[in-house]
Every structure is written in C-alpha cells, then in structure tokens.
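So you can see what is in the structure, the chains are spelled out below.
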Amino acid sequence: MGLVYALGAYLSWGLVVPVHFRLLGALSPGLILAERVVWSSLFALALVLLWRARLRSPFPLARRHALLVLSAGLIAVNWLLYLRAVNGGHILDASLGYYINPLVSVGLGALVLGERLRPVQAAAVGIAALGVVTAVLMAGTLPWVALALAASFSLYGLIRKVVGVDPVIGFLAETLLLAPFALAYWAWTPEATPRDGATLLLIALTGVTTALPLIWFAAAAERMRLATLGLLQYLAPTGLLVLSVLAYGERVAPHQVPLFALIWLALALYALDSWRAARQAGQRDGQGRGRGEPAA
C-alpha cells in the first residue's frame, strides 16, 4: 500500500493539482489562495474529528510548536507562488522549482541540522548551483520563481521536521492560523467569487486536492523506505514538465536547457548515491541479523 499512497500523492501534485488550479484561471491567485486555505481547514478539521483516535496528540504543547506559525507563512507563500506560476503560464518554472527542491533540502540539512553530506551528494548540490549560475549568465536574470518555490518548500519541510507534530494535526494548525487572513481577504477584496455551480464545486475541492496528497504522502512515508520515497518524488515535477510542454504549449527557453540538463545530472547522481547507500545499509542489517543481532 505504501507504493499506492506515494503514487497517489506525487501524481496528484504533478498532474491533478495543476490542472485543477488551471481550471480556476479566471480567478486571481489571491482569491484562489484564500479559498484554498478556508476549504483546506474545513477538510482537515473533519479528518481530525473522524480520525482523532488514531492521531498523535500534540499536547502538552512545547516551545517548538510555535514554529508552526512560520511554517504556515512559508506554505502560504509557496502556494501563492505556485498559483501564480500555474495560472500565469509558467508551469515550466514550477517544475524546475520542484526539481531543485530536494537538493536545497540536502543543503539545508547540512547547514542547519549538521547532517554530513557524502561526496556524491555534495557534488550534486554543486552541479545544481552551477546550473543556476549558468542560467543567470545566459539570461541575465535569476529564475526567481523556481528558486523561491524550492526555497519556501525546503524551509517548510525543515521546520516541520523540527516541530515533529502529527502531519494531519500540523496541517490543520497551519490552515487555522492562515484562515483569519484568508477570511479578511475574502471579505475585503473587490473580486467576487463566481456563483455558477461548476466553479463553486472546483473551489470547494481545493481543500481535498490540497489535503489528500499530503495525507497520502505521510501514509507512504510510514510504510516505505525513505530512499525509495525520495526517488519517487521526481514524478511530481516530471508531471508538471509534461503538462507545461504537451498540454499548455510552453517552450523551453535557451537559457533553461543547460539548467535542466545540470539539474537532471545532479538528481541522477543524488538518486544513485541514495540507492547505493540504502542498499549497503540493507546488506549490513542482513549481515547483522545473520550473526544473531536483533532486527531494529
């Protein structure tokens, strides 16, 4: 079931979610974000009430739980950037951002958490940085949308790792923290929410398409090896890339060619290194059990 959950999460992020928000392209990203927050909080609240016996309680509250205020702000920024990219015809930039994301996460782990990088991992991060520098030199501008998406989601993941709260409860806390701002925007914006049934249904479903992939991802993480889950994460930006070129007619700009090439090279090295490390760890565990050591 772990593989099913992982495929559901990543294929939703790569194919279902962008199409869903593209269908709401007549609305401004700000209004879609406000609607997304409100409906996500309602859906998450319903899940918490339904699953309350299964979820890990966050009580008693610890000082680290206050970091959820920061993670809520980061995920709101990430969602807004994503909406602007998808509805503004820049799905290719969103794809690039989520290709860069795991490498930024590796770098943050080393800088903030003191995680040691294996030589191949360090080389992969360096190659990705070289790709960004090359693109900047060729285009004369930063790929700021892609970089901002990667940075905001990587920082979000770092904070959620430090907080260590149940995924569903953490998501509910974040959306409830954002809900007052969403409702204020909803009340004061001159833009009116369309009243036709199809649009209202699409708006209400933003809560489902936001929360369910996150829940499926958490379920997959509990059932699968992290290395396997890490390799599958590239399905989401690949789906975005295919959609942007084949479905929405975007074109890869000349300065993006070396950037994508170097990012894919970095990801291939990173994936190969992760697979080898996981395989060696599995072999060591098997040898240990063969000598009579207990399984972890």
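The structure presented is a predicted model; accordingly, all values stated were derived computationally and were not measured.

The rules behind each value
Residues numbered from 1 in each chain as written. Predicted model: local features only at pLDDT ≥ 70, side-chain atom pairs only at ≥ 80, totals over all residues. Heavy atoms only, no water. Helix = DSSP H or I, 4+ residues; strand = E, 2+ residues; numbered from the N terminus. Rg over C-alpha atoms; globule rule 2.2 N^0.38 Å. Buried < 20%, exposed > 50% of the residue type's maximum accessible area, 1.4 Å probe, protein only. Areas by Shrake-Rupley, 256 points an atom, 1.4 Å probe, with all protein chains shown as cover. Lys, Arg positive; Asp, Glu negative; His and termini not counted. Charge placed at Lys NZ, Arg CZ, Asp CG, Glu CD. Expected span 1.5 Å × (residues − 1). Bend = angle between axes of the 7 residues up to and from the residue. Patch = residues over 30% accessible without salt bridge, like charges linked within 9 Å, V, L, I, M, F, W, Y side chains within 5 Å. Salt bridge = Lys/Arg side-chain N within 4 Å of Asp/Glu carboxyl O. Axes fitted to C-alpha atoms, helices over the stretch in contact; angles between N-to-C directions. Parallel < 35°, antiparallel > 145°, perpendicular 65-115°, else oblique. Left-handed = near helix turned anticlockwise from the far one by under 90°. Contact = heavy atoms within 4.5 Å.

Peer 1: Would you take a moment to explain the overall build of the protein for this structure?
Peer 2: Along its length, the protein carries twelve helices and zero strands. Along the protein, helices (α) and strands (β) appear in the sequence α-α-α-α-α-α-α-α-α-α-α-α when read from the amino end. For 296 residues, the compact-globule estimate of 2.2 N^0.38 gives 19 Å, and the C-alpha radius of gyration of the protein, at 20 Å, lies within 12% of that figure. In terms of overall dimensions, the protein has a C-alpha envelope of 65 × 55 × 35 Å along the principal axes. Among the 296 residues that make up the protein, the fraction classed as buried is 45%. About 15300 Å² of surface is accessible on the protein, with carbon and sulfur atoms providing 69% of the total. One finds the centroid of the 21 positive side-chain charges in the protein at a distance of 7 Å from the centroid of its 12 negative side-chain charges.

Peer 1: Help me out: how do you make sense of helix H4 (residues 91-112) in this one?
Peer 2: Residue pairs spaced three or four apart in an α-helix point in one direction, given the helix's 3.6 residues per turn. With 22 residues, H4 should reach 32 Å at 1.5 Å per residue; the first-to-last C-alpha distance of 30 Å fits that figure. At asparagine 101, H4 shows its maximal kink, close to 35°; a proline, proline 102, follows between one and four residues later. Of the residues one or two after H4, glycine 114 is the one with positive phi, at around 75°.

Peer 1: Whenever I open this one, a nonpolar patch on the surface confuses me. Can you help?
Peer 2: Nonpolar side chains collect at one region of the surface, where Leu3, Leu7, Leu11, Leu15, Val16 and Leu235 lie side by side and expose about 440 Å² of accessible area between them. Broken down by element, the residue count for the nonpolar patch peaks at five residues, all from helix H1 (residues 2-23). Along the chain, leucine 3 falls in helix H1. Residue classification places leucine 3 among the partly exposed positions, given a relative accessible area of 46%.

Peer 1: Is there a simple way to explain the packing of H4 against helix H6 (residues 144-163) in this structure?
Peer 2: To characterise two packed helices, one gives the angle between the axes of the helices and the distance between these axes. Put simply, H4 and H6 touch, their axes get as near as 7 Å, and they point 45° apart. Taken together, the axes of H4 and H6 are oblique relative to one another. You can see that H4 and H6 cross each other, and the crossing is right-handed. Touching Asp93, Ala94, Leu96, Gly97, Tyr98, Ile100, Asn101, Val104, Ser105, Leu108 and Val112 of H4 are Val145, Ala146, Leu147, Leu149, Ala150, Phe153, Ser154, Leu155 and Leu158, all from H6.

Keep in mind these numbers describe shape, not what the thing actually does.
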